[in-house]
Every structure is written in structure tokens, then in C-alpha cells.
Amino acid sequence: MFVAEDLKTDKGRILGVIVFDLEQPYIHSVGVVRDRRREGIGSSLKRASLAEMVALVGTVTAVSSVHKKNIPMIKLNEGLGVKSTKDPEDGDYLLSAILVEPTPDTVTTSSTPLIRALLRRFRTREQVN
Ligand SMILES: CC(C)(COP(=O)(O)OP(=O)(O)OC[C@H]1O[C@@H](n2cnc3c(N)ncnc32)[C@H](O)[C@@H]1OP(=O)(O)O)[C@@H](O)C(=O)NCCC(=O)NCCS
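These lines cover the structure that appears in this document, whether it is placed above or below.

What counts and what doesn't
- Residues numbered from 1 in each chain as written.
- Predicted model: local features only at pLDDT ≥ 70, side-chain atom pairs only at ≥ 80, totals over all residues.
- Near = placed C-beta within 6 Å.
- Helix = DSSP H or I, 4+ residues; strand = E, 2+ residues; numbered from the N terminus.
- Nonpolar A, V, L, I, M, F, W, Y, C, P; charged D, E, K, R; others polar.
- Buried ≥ 20, exposed ≤ 12 C-beta atoms within 10 Å, placed from the backbone.
- Contact = placed C-beta atoms within 7 Å.
- Expected span 1.5 Å × (residues − 1).
- Arc of directions from axis to C-beta.
- Core = buried A, V, L, I, M, F, W, Y, C linked by C-beta atoms within 7 Å.
- Pairing = 2+ DSSP bridges.
- Right-handed = clockwise from strand over helix to strand, strands pointing away.

Now for the site of the ligand. Neighbouring the ligand are 19 residues, the closest being Arg-37, Gly-42, Ser-43, Pro-72 and Leu-76. For the shell around the ligand, the secondary structure elements donating two or more residues are strand S3 (26-32), helix H1 (41-57) and helix H2 (71-79). Classifying every residue of the shell around the ligand by side-chain character gives eight nonpolar, seven polar and four charged.

Listed below in C-alpha cells is the structure:
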């Protein structure tokens, strides 16, 4: 899990969270507080989780599920190049999958530069359960 924290205007406030499973690998959920949406936090969190997956697991196809009416998330996914197909088990949902590989050309080469980029705007920290 990654969280994004505000370090400037509202110090320490949690602005967003993403929960992912490295074993599947599967992104369970991502959420950003209403008043701070459309600032790139959700996509940064998703990029960071993909980066973490590829850094720890290597080449992976990361899967997530999104309701067919969830336009913000569908658009966010599209912006990251994530392909979506109808969930064969539930027609109200789309399954999204993105192949992430440890190559220098992908945005998900390694978590380090991405996390560093995130840290410039939002402090992130990994939560250990
Ligand atoms: C989906 C969600 C996480 C997006 O977070 P965010 O921080 O606002 O997303 P970003 O700022 O990174 O947006 C990235 C891109 O996604 C798309 N997008 C995001 N919100 C959008 C909206 N309301 N309408 C259309 N496109 C949207 C845009 O293409 C956007 O890029 P742009 O701002 O340059 O146009 C946020 O809306 C949210 O928390 N929703 C409620 C929880 C939820 O539905 N989570 C997903 C299912 S688990």
C-alpha cells in the first residue's frame, strides 16, 4: 500500500491511497480525497504501485477491476496505456491489465526514480501491516 501525503498546504494530511497485491499481482483500489482530485495524485499512486511491482517481482501483468461507469478511473487507466476488457464474470465491470517490464523505456523501470519524483510533490510512504 502507498499513501500520498500533503507536505505543503495541509501538512501530513493523507491525500490518497492505493492498495495492491504483489503476489497476484493485483491493484485492489485507489482513492483520492475529493478536494484534491485532478492533480495527478491517483495516476502517480498507480505508477508508483506498478513500479514497485516490477522492481520487486520483475515483468508482470498487473490487473485491476473498474466499474464500467467509473469514467475517472477508466480515463486514468487509458492515460497509463492500460487496456480494459469486459469482465466475463460480471458485465458491470471491466478488467484492466497492464504489462510492466523492467526496461529503461518504460515508466515503471524501477520504483526509485518514480518514488523520488513523487516525493517532490507528495510524500509517500509504504505501510507495513
Ligand atoms: C479515480 C481517482 C482515483 C482519480 O484520482 P485523481 O488523483 O483525480 O486522478 P489524476 O489527477 O491522476 O487524473 C489522471 C487522469 O485521469 C483522468 N481523470 C481523472 N478524473 C477524471 C474525471 N473526473 N473525469 C474524466 N477524466 C478524469 C484524466 O485523464 C486525468 O488526466 P488530466 O487531469 O490530465 O485530464 C479519483 O477520482 C477517486 O478517488 N475516485 C473515487 C474512488 C474510485 O473510484 N477509485 C477507483 C476504483 S477503486
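Once that is clear, we can look at the environment of Val-60. Relative to the elements of secondary structure, Val-60 occurs in strand S4 (residues 60-67). For Val-60, a count of 20 C-beta atoms within 10 Å translates into the label buried. Considered as a pair, Val-60 and Gln-24 are 36 residues apart in the sequence and their alpha carbons are 9.4 Å apart. Once residues lying within four places of it in the same chain are set aside, the contact partners of Val-60 are Pro-25, Met-53, Val-54 and Val-100.

Let us look at H1. With 17 residues, H1 should reach 24 Å at 1.5 Å per residue; the first-to-last C-alpha distance of 24 Å fits that figure. With 13 of its 17 residues buried, H1 lies for the most part within the structure. Positioned one or two residues after H1, Gly-58 has a phi angle of 95°, which is positive.

Attention now goes to H2. Residues of H2 that are buried: Met-73, Leu-76 and Asn-77. All buried residues of H2 lie within an arc of 100° about the axis, which places them on one face of the element. Residues Ile-71, Lys-75, Glu-78 and Gly-79 are exposed on H2 and point more than 90 degrees away from its buried face. Looking at the packing, one finds that the buried side of H2 touches H1, S4, strand S5 (83-86) and strand S6 (93-100). Looking at the residues trailing H2, positive phi occurs at Gly-81, about 80°.

Looking at soluble globular proteins, one finds that nonpolar side chains tend to be buried together. One finds Ile-18, Leu-45, Leu-50, Met-53, Val-54, Ala-62 and Val-100 to be the most contacted residues of the largest nonpolar core, which totals 20 residues. Secondary structure elements with two or more residues in this core: strand S1 (2-5), strand S2 (14-21), S3, H1, S4 and S6. Of all the elements, H1 adds the most residues to this core, at seven residues. In this view, Ile-18 contacts Met-1, Phe-2, Ile-27, Val-30, Leu-45, Lys-46 and Ser-49; residues no more than four positions away in its chain are not counted.

In S4, alternate side chains face the same way, and those of Val-60, Ala-62, Ser-64 and Val-66 are buried while those of Thr-61, Val-63, Ser-65 and His-67 on the opposite face are not. Looking at chain direction, S3 and S4 are connected through two bridges and run parallel. Bridge pairing in S4 links Tyr-26 to Val-63. This β-α-β element, S3 to H1 to S4, shows right-handed connectivity. Pairing between S4 and S6: eight bridges, direction antiparallel. Bridge pairing in S6 places Val-63 opposite Ala-97.

Shape descriptors only; they carry no functional weight alone.
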